[in-house]
Structures are given as C-alpha cells and as structure tokens.
Amino acid sequence: MTYSLFHSGRSRRNGTFHNLESGIEEQIEALRDELAELTRLVGKNSRHQSEKIRSQATAGFEDLLGRSEDLLRELQHGYERGATEMRETVRKHPLATIGAAAAFGLAIAFLARR
C-alpha cells in the first residue's frame, strides 16, 4: 500500500515535471524562432543601411572630385595669369628685373653664409 501511495505521488510529480519540461521546451523553441526572425530583420536592416551609406559616400566622393577639379582649374588659370604678368613685367622692365634678381641672389648668398 505504501508502495502505491508513493508510486501515485511520483506519477503526479513526474506528470507535472513533464508538463513543466514540455512548456519550457515550447518556450525555448518560440524564443529560437523569434531570435531567427530578429536576426533576419537585423541583417535586412544592416544591408539597407550599408547600401544607403555607400550611396551617400559615392555622392560625396563625386561632389568632392568635382570641386577638386574646379579648384585645380582655378589654380591653373591663376598660375597662367601670374606667368603672363611676370613675362610682361620682364619685357617692360628688363633692367629692373635683372637688378631684382641680383639683389635676391645676394640676399640668399648672405643668408647662406650664416
């Protein structure tokens, strides 16, 4: 009789534990499904963000390239204007140019001796 009492009590507990274990397994499986869905969504969002950043970087690079080409053209025009003005000045004042070059050379020689 005691055997049957313990046995019936054990069965109830094992049934309860089995139900509890089944519930936990179902929750774990549900969490795995949710985690897989979350991983998929994060991956999709990451791809979208990377494409967005890549397009912004490309646009920024093209803008920077355009501005640098404009700046290079401006510098070339400035150099050409300066060279033209220098040639005209040398043609108009050849003696003053030679004197300025000599003075500049003497100044460099004086500073080099120190």
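Preceding block: the structure.
Conventions used here
- Residues numbered from 1 in each chain as written.
- Predicted model: local features only at pLDDT ≥ 70, side-chain atom pairs only at ≥ 80, totals over all residues.
- Heavy atoms only, no water.
- Helix = DSSP H or I, 4+ residues; strand = E, 2+ residues; numbered from the N terminus.
- Buried < 20%, exposed > 50% of the residue type's maximum accessible area, 1.4 Å probe, protein only.
- Areas by Shrake-Rupley, 256 points an atom, 1.4 Å probe, with all protein chains shown as cover.
- Salt bridge = Lys/Arg side-chain N within 4 Å of Asp/Glu carboxyl O.

1. With respect to the overall build of the protein chain
Working step 1: What the protein chain contains, in helices and strands, is two helices and zero strands.
Working step 2: The burial tally for the protein chain puts 2% of its 114 residues in the buried class.
Working step 3: When the accessible surface of the protein chain is totalled, it reaches about 10,800 Å², and 62% of it is carbon and sulfur.

2. Quick word on the pattern of salt bridges
Working step 1: Counted by the stated rule, this structure contains four salt bridges.
Working step 2: Its salt-bridge partner being Arg 40, residue Glu 37 comes within 2.6 Å of it at the nearest N-O pair. Of this pair, Glu 37 and Arg 40 both sit in helix α1 (residues 2-92), three residues apart, which is roughly one turn of the helix.
Working step 3: Among the ionic pairs, Arg 73 bridges to Asp 70, the shortest N-O distance being 2.9 Å. With Arg 73 and Asp 70 both in helix α1 and three residues apart, this pair spans about one turn of that helix.
Working step 4: We classify Asp 70 as partly exposed; its relative accessible area is 36%.

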